[in-house]
Amino acid sequence: MRLAIDAMGGDHAPREVVSGVLAAASNVAGELILVGQPSLIQEHLPRSVPSNVHIHPAAEVVTMHESPMDAVRRKRDSSLAVAVKLVEEGECDGVVSAGNTGAATALAKLRWKSIPGVHRPAIATQIPSSKGKFVLLDSGATVDCSAADLLDFAIMGSAYATAVMGIREPKVGLLNIGEEPGKGNALTKKAHELLGRHLDTFIGNVEGKHLFSGKVDVVVCDAFVGNVVLKTGEAVAEMIMSMIKDSLPKNFLLRLPLPLLLGGLVGLKRNLDYSEYGGAPLLGVNGVFIICHGRSDSRAICNAVLQAEAAVKNGLIDRIGSMVTSMQLETTHA
């Protein structure tokens, strides 16, 4: 197994990317290829580099605020484009990047094409719940969806939940403004019909209040709604941790019992911290692509690399392809 890591992508690249790859190296049974400007990458490498970590040169960098299509057309030797090309040419098995999400999605669709039967990609994000985790998709790739696209998302999310999260029969819910089948707009009403017809694991509509209850494993929606949910959830998590910190007593004597609570607070912080989940896979394209938060630190990059390894090892792309084919979903897009 060989994974290509975009060493120049993200707010803290290449320092945090290199550090994260080094942290993951001893836990990965394969090679990790840092793609980017060698001189900048080497500044952050130790004298003794793990034997499975290598550098592949790329001269250009796609910035976070560039137009995705401009980046695709003009920067063909960017670290992001070269990483995608390595998978296209069979030199690597997957990509990890904390860079420009739009450019990453455009490059993967253009160079790798879609999995047969899947028309639009979706970003699948793991989010903590009261009973573990659920996966939300789409959280950033396809804003305008058809009902058939949402069905594709449900199938891809189910495959991901099984292959990477270890959930045997993931329960699927459609994010909506009410639980009743007739709720929502024309899109969600049609999607409810399709999901109910094709998926035995579909449990119906779920409202925002149900997302974190643990009653559902896969939640589907369009990227406009999904991205709002994701960003709101991140902000609320950060606010909770900040409020806990601000509420701690200033008096030294009153702080003495706090170590007894420290373990619980550390666990809470870990569950709410996006870096624990590493990144989110771009599903629907014909390859493993883990997209990380732009401000990812070394721990997030490390976990994203491990997630990419799990996706490749467990045959995520083949699993999605076989599920789509078995349901003959191409007919639903007519």
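One can find the structure itself at the top, above this paragraph.
Just so you know, these numbers come straight off a predicted model, no measurement behind them.

(A) Layout of the overall build of the protein chain. The secondary structure content of the protein chain amounts to twelve helices and twelve strands. Within the span of the protein chain, comprising 334 residues, buried residues form 49% of the whole. Summed over its atoms, the accessible surface of the protein chain is roughly 15,400 Å², and 54% of this surface lies on carbon and sulfur atoms.

(B) The arrangement of the pairing of strand S7 (residues 132-137) in detail. Examined bridge by bridge, strand S6 (residues 125-129) and S7 share five bridges and lie antiparallel to one another. Bridging from a neighbouring strand, Gln 126 pairs with Val 135 of S7. What sits between S6 and S7 in their antiparallel hairpin is a turn of two residues. Of the pairings in the sheet, the one linking S7 to strand S10 (residues 218-220) comprises three bridges and is parallel in character.

(C) Quick look at the packing of helix H4 (residues 79-88) against helix H5 (residues 101-112). Where H4 meets H5, the closest approach of the two axes is 10 Å, and the angle between their N-to-C directions is 30°. Taken together, the axes of H4 and H5 lie roughly parallel to each other. Here the hand of the crossing between H4 and H5 comes out right-handed. On the side of H4, the interface is formed by Leu 80, Ala 81, Val 84, Lys 85, Val 87 and Glu 88, while H5 contributes Ala 103, Ala 104, Leu 107, Arg 111 and Trp 112. Residues belonging to the contact of H4 with H5 are distributed by class as follows: eight nonpolar, no polar and three charged.

(D) Representation of helix H7 (residues 186-198) in the model. The end-to-end C-alpha distance of H7, which contains 13 residues, comes to 19 Å, matching closely the 18 Å that a straight helix rising 1.5 Å per residue would cover. The set of residues buried in H7 consists of Thr 188, Ala 191, His 192, Leu 194 and Leu 195. Next to the buried residues of H7 lie helix H6 (147-163), strand S8 (172-175), strand S9 (202-206) and S10.

(E) Representation of the environment of Lys 171 in the model. Secondary-structure assignment places Lys 171 in the loop between H6 and S8. It is 5.1 Å that separates the C-alpha atoms of Lys 171 and Asp 217, two residues lying 46 residues apart in sequence. With sequence-adjacent residues up to four places away left out, Lys 171 is seen in contact with Thr 201, Ile 203, Lys 215, Val 216, Asp 217 and Val 218.

(F) Layout of the sheet that holds S6. As summarised here, the arrangement of the five strands in space is S6-S7-S10-S8-S9, forming an open sheet in which the pairing is mixed. The sheet is open, and its two borders are formed by S6 and S9, each paired with just one other strand. Averaged over all neighbouring strand pairs, the angle between strand axes comes to 30°, with direction disregarded. Pairing of S8 with S9, which is carried by four bridges, proceeds in the parallel orientation. Of the residues in S9, the one forming a bridge with Val 172 is Phe 202. With respect to the sheet, H6 is in contact with S6, S7, S8 and S10, its orientation differing from that of S10 by roughly 160°.

(G) Quick peek at the packing of aromatic side chains. Taken as a whole and judged by the stated rule, the model has two aromatic pairs. With a centroid separation of 5.7 Å and 50° between ring planes, the pair formed by Trp 112 and Phe 289 is classed as tilted. In this pair, Trp 112 sits in helix H5 while Phe 289 sits in strand S12 (residues 288-292), placing the two residues 177 residues apart along the sequence. Note on accessibility: Trp 112 and Phe 289 belong to one class, buried.

(H) Main features of the pattern of salt bridges. Applying the stated criterion across every chain, the model contains eleven salt bridges. Residue Glu 91 is joined to Arg 2 by a salt bridge in which the shortest nitrogen-to-oxygen separation is 3.9 Å. Linking Glu 91 in the loop between H4 and strand S4 (94-97) with Arg 2 in strand S1 (residues 2-6), this pair joins segments that are 89 residues apart in sequence. Here Glu 91 falls in the partly exposed class, since its relative accessible area comes to 42%. Between Asp 70 and Arg 73 there is a salt bridge, with its nearest N and O atoms 2.9 Å apart. Note that Asp 70 and Arg 73 are positioned in helix H3 (residues 68-74) at a spacing of three residues, about one turn of the helix. Asp 70 sits in the partly exposed class, given a relative accessible area of 24%. Connected via shared salt-bridge partners are Arg 2, Glu 31 and Glu 91.

Definitions and cut-offs
- Residues numbered from 1 in each chain as written.
- Predicted model: local features only at pLDDT ≥ 70, side-chain atom pairs only at ≥ 80, totals over all residues.
- Heavy atoms only, no water.
- Helix = DSSP H or I, 4+ residues; strand = E, 2+ residues; numbered from the N terminus.
- Buried < 20%, exposed > 50% of the residue type's maximum accessible area, 1.4 Å probe, protein only.
- Areas by Shrake-Rupley, 256 points an atom, 1.4 Å probe, with all protein chains shown as cover.
- Pairing = 2+ DSSP bridges.
- Axes fitted to C-alpha atoms, helices over the stretch in contact; angles between N-to-C directions.
- Parallel < 35°, antiparallel > 145°, perpendicular 65-115°, else oblique.
- Left-handed = near helix turned anticlockwise from the far one by under 90°.
- Contact = heavy atoms within 4.5 Å.
- Nonpolar A, V, L, I, M, F, W, Y, C, P; charged D, E, K, R; others polar.
- Expected span 1.5 Å × (residues − 1).
- Phe/Tyr/Trp six-rings, centres within 6.5 Å; stacked < 30°, edge-to-face > 60°.
- Salt bridge = Lys/Arg side-chain N within 4 Å of Asp/Glu carboxyl O.

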